[in-house]
Amino acid sequence: MVVFVMIDGMRPDAMTATPCPNLQALIARGASTMQAQSVMPSITLPCHTSLFHSVPPTRHGITSNYFIPMARPLPGLIEVARAAGKKSAFVHNWEPLRDMARPEQLSYAWCHEPPLDPSYDDEMHAEALRVVKSNRYDFVFVYYGSVDTAGHAYGWMEPGYLGQLSHVDSLFGELLAALPSDTHLIVQADHGGHDRTHGTDMPEDMNIPWIAVGPTVKQGYTIQRAISLIDTTPTLARMLGIAPHEEWEGTCVDEMFVD
Ligand SMILES: [Zn+2]
């Protein structure tokens, strides 16, 4: 199984500014960089579209959180995985992410947007636990939205934001404990933030953590190359054992794999 965890709006420096024992333990047993880069505009839907389709916003044309069909569509990770016979599942709590897979391509999708309070992720997390424990899917996408929500409510790096990240780290620890030992996993953010917003090319918005673990991934390894959001899908494809699509512009992070 390959699991991809998104922690929306998580800044790399927040992971050391507040207790995140589960994320820190993951760094110790995997390959990581705290200098991966978002795309411009550093906004959630453009970022996720770039991530799942391995092209920059200039290619896919989605520049706000309002989805529009691509002028020149290309297959993303989910479509390529489906064509290769892989079963994918999405578990999330931000509805526009449904468009990160075309209709009929997912084997399972769960979405519910609860009230915007500190328990925002808890219901989604319970469902994510159920889905990974079922072991029915080759690929599972799990999206935690509450850290970003706290950033907008309290300000990035403010106590309310940091406290929410610690809460999500504890949820993530439960997810980690539920995964089979041969799971490949990537955890990252889509963008950071500053004040109560994000979307600019400031380092506070653009720098994101990127962590990978799995039986074929080096342990305690600091990734040397530059990584962009568009490199995640080719890397997930390698973890799934499928070939990248020719129109994808990102590249697999080959250096982090054991030969
Ligand atoms: Zn976001």
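Quick summary incoming for the structure in this document. (Residues numbered from 1 in each chain as written. Predicted model: local features only at pLDDT ≥ 70, side-chain atom pairs only at ≥ 80, totals over all residues.)

This part covers the packing of helix H2 (residues 21-28) against helix H8 (residues 159-178). Their axes nearest at 7 Å, the elements H2 and H8 cross at an angle of 50°. For the element pair H2 / H8, the angle class is oblique. Residues Pro21, Asn22, Leu23 and Leu26 of H2 touch H8, and the partners they reach there are Asp169, Ser170, Phe172, Gly173 and Leu176. Looking at the contact of H2 with H8 residue by residue, the class counts come to five nonpolar, three polar and one charged. (Axes fitted to C-alpha atoms, helices over the stretch in contact; angles between N-to-C directions. Helix = DSSP H or I, 4+ residues; strand = E, 2+ residues; numbered from the N terminus. Parallel < 35°, antiparallel > 145°, perpendicular 65-115°, else oblique. Contact = placed C-beta atoms within 7 Å. Nonpolar A, V, L, I, M, F, W, Y, C, P; charged D, E, K, R; others polar.)

On the basis of which strands lie adjacent, the open sheet formed by eight strands has the order S4-S3-S5-S1-S6-S7-S2-S8 and mixed pairing. Across the chains shown, the open sheet's two edge strands, defined by having one partner strand only, are strand S4 (108-111) and strand S8 (221-222). Sheet analysis places strand S2 (residues 31-37) next to S8, joined by two bridges and oriented parallel. When the sheet's bridge partners are listed, Ser32 is paired in S8 with Thr222. (Pairing = 2+ DSSP bridges.)

To continue, consider the nonpolar core. Ranked by size, the top nonpolar core spans 77 residues in total, and within it Val3, Val5, Ile7, Val91, Val140 and Val142 carry the most contacts. Ranked by the residues each element gives to this core, the list is headed by H8, at seven residues. Those residues within four positions of Val5 in sequence are excluded, and the remaining contacts are Val142, Phe172, Leu185 and Val187. (Core = buried A, V, L, I, M, F, W, Y, C linked by C-beta atoms within 7 Å. Buried ≥ 20, exposed ≤ 12 C-beta atoms within 10 Å, placed from the backbone.)

Right, let's talk about the packing of helix H7 (residues 146-154) against H8 for a bit. With their axes 8 Å apart at the nearest point, H7 and H8 run at an angle of 170° to one another. Between H7 and H8, the interaxial angle falls into the category roughly antiparallel. When H7 is examined against H8, the residues Ser146, Val147, Ala150, Gly151, Ala153 and Tyr154 are found in contact with a partner set consisting of Gly160, Tyr161, Gln164, Leu165 and Val168. Residue classes in the contact of H7 with H8 are distributed as seven nonpolar, four polar and no charged.

Let's shift gears to the environment of Pro19. One can find Pro19 in the loop between helix H1 (14-17) and H2. When the C-alpha atoms of Pro19 and His245 are compared, they prove to be 39 Å apart, with 226 residues separating the residues in sequence.

Here we take up unusual backbone geometry. A negative phi holds for most residues other than glycine; trans holds for most peptide bonds. With an omega of 0°, the peptide bond running from Met40 to Pro41 counts as cis. One non-glycine residue, Ser54, adopts positive backbone phi at about 55°. Look at Ser54 and you get buried, because 30 C-beta atoms sit within 10 Å. Non-glycine residue Asp195 carries a positive phi angle of around 45°. Along the chain, Asp195 turns up in the loop between strand S6 (184-188) and helix H9 (203-206). Of the residues examined, Asp195 has 12 C-beta atoms within 10 Å and is grouped as exposed.

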